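Coordinate inspection notes
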Amino acid sequence: MTHNLLGPEPTLLPEHTAAQAALDAGTDPATVAAEHPDYSEAWASLAEKALDAGETVAAYAYARTGYHRGLDQLRRAGWKGFGPVPWSHRPNQGFLRALAVLGKAAGKIGETEEHERCRTFLADSDPAAAEATGLK
């Protein structure tokens with residue numbers, strides 16, 4: 001990702017080693033979310049599974065939780081509401097995945113404005129995130 005020298009620095013969320021290791025080892029995302037409720041990747045995983053199962057409302061709720069937990073962490077990391085959130089940094093991916101599922105689920109329940117807001121936010125954060133998650 002190239003950086004705009006006139007814009008804000010990319011925001012990189014901190015590592016969440018224990019939660020990440022648990023997910024990587026195959027621990028159920030619901031267990032990881034219960035033990036690490038601030039870990040967006042667990043919520044994103046739950047949201048993706050729910051969306052794949054046709055449980056749109058559950059996907060929306062899980063995604064909104066992961067999205068808000070990620071926003072809190074972004075703000076603590078110095079993010080001012082704009083600027084790059086690189087997909088290439090794994091700790092950012094949980095937030096970005098939750099944002100993508102939120103947009104997809106919003107579209108499925110007729111929340112057109114929220115779908116578009118999420119799509120724009122994801123692309124503005126990092127076009128690679130929009131590509132990776134399929135919310136373009």
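For the structure itself, consult the block above.
In what follows, the accompanying structure is described.

Cut-off values and rules
- Residues numbered from 1 in each chain as written.
- Predicted model: local features only at pLDDT ≥ 70, side-chain atom pairs only at ≥ 80, totals over all residues.
- Heavy atoms only, no water.
- Helix = DSSP H or I, 4+ residues; strand = E, 2+ residues; numbered from the N terminus.
- Buried < 20%, exposed > 50% of the residue type's maximum accessible area, 1.4 Å probe, protein only.
- Contact = heavy atoms within 4.5 Å.
- Areas by Shrake-Rupley, 256 points an atom, 1.4 Å probe, with all protein chains shown as cover.
- Lys, Arg positive; Asp, Glu negative; His and termini not counted.
- Charge placed at Lys NZ, Arg CZ, Asp CG, Glu CD.
- Expected span 1.5 Å × (residues − 1).
- Arc of directions from axis to C-beta.

**A short note on the overall build of the chain**
- Secondary structure assignment for the chain yields seven helices and zero strands.
- Along the chain, from the amino end to the carboxyl end, the secondary structure elements read α-α-α-α-α-α-α.
- Going through the 136 residues of the chain one by one, you find that 46% of them count as buried.
- Looking at the chain alone, contacts between residues at least 24 apart form 59% of all its contacts between residues at least 6 apart.
- Surface exposure of the chain reaches about 7000 Å², of which carbon and sulfur atoms provide 53%.
- In the chain, which carries 13 positive and 18 negative side-chain charges, the distance between the mean positions of the two groups comes to 2 Å.

**Regarding the environment of Gly 66**
- Structurally, Gly 66 can be placed in helix H4 (residues 56-76).
- Here Gly 66 is in contact with Ser 40, Trp 43 and Ala 98, once residues within four sequence places are set aside.

**What about the environment of His 36?**
- Relative to the helices and strands, His 36 resides in the loop between helix H2 (29-35) and helix H3 (40-52).
- Setting aside its immediate chain neighbours within four residues, His 36 contacts His 16, Ala 18 and Ala 19.

**Here we look at H4**
- Taking 1.5 Å of rise per residue, the 21 residues of H4 would be expected to cover 30 Å, and the 30 Å separating its terminal C-alpha atoms lies within 8% of that figure.
- If you check which residues of H4 are buried, you get Thr 56, Ala 59, Tyr 60, Ala 63, Gly 66, Tyr 67, Gly 70, Leu 71, Gln 73 and Leu 74. In an axial view of H4, the angular spread of the buried residues amounts to 165°, which keeps them on one side of the axis. Every exposed residue of H4 that faces more than 90 degrees away from the buried side is listed here: Val 57, Arg 75 and Arg 76.

Any link to function would need more than the numbers given here.
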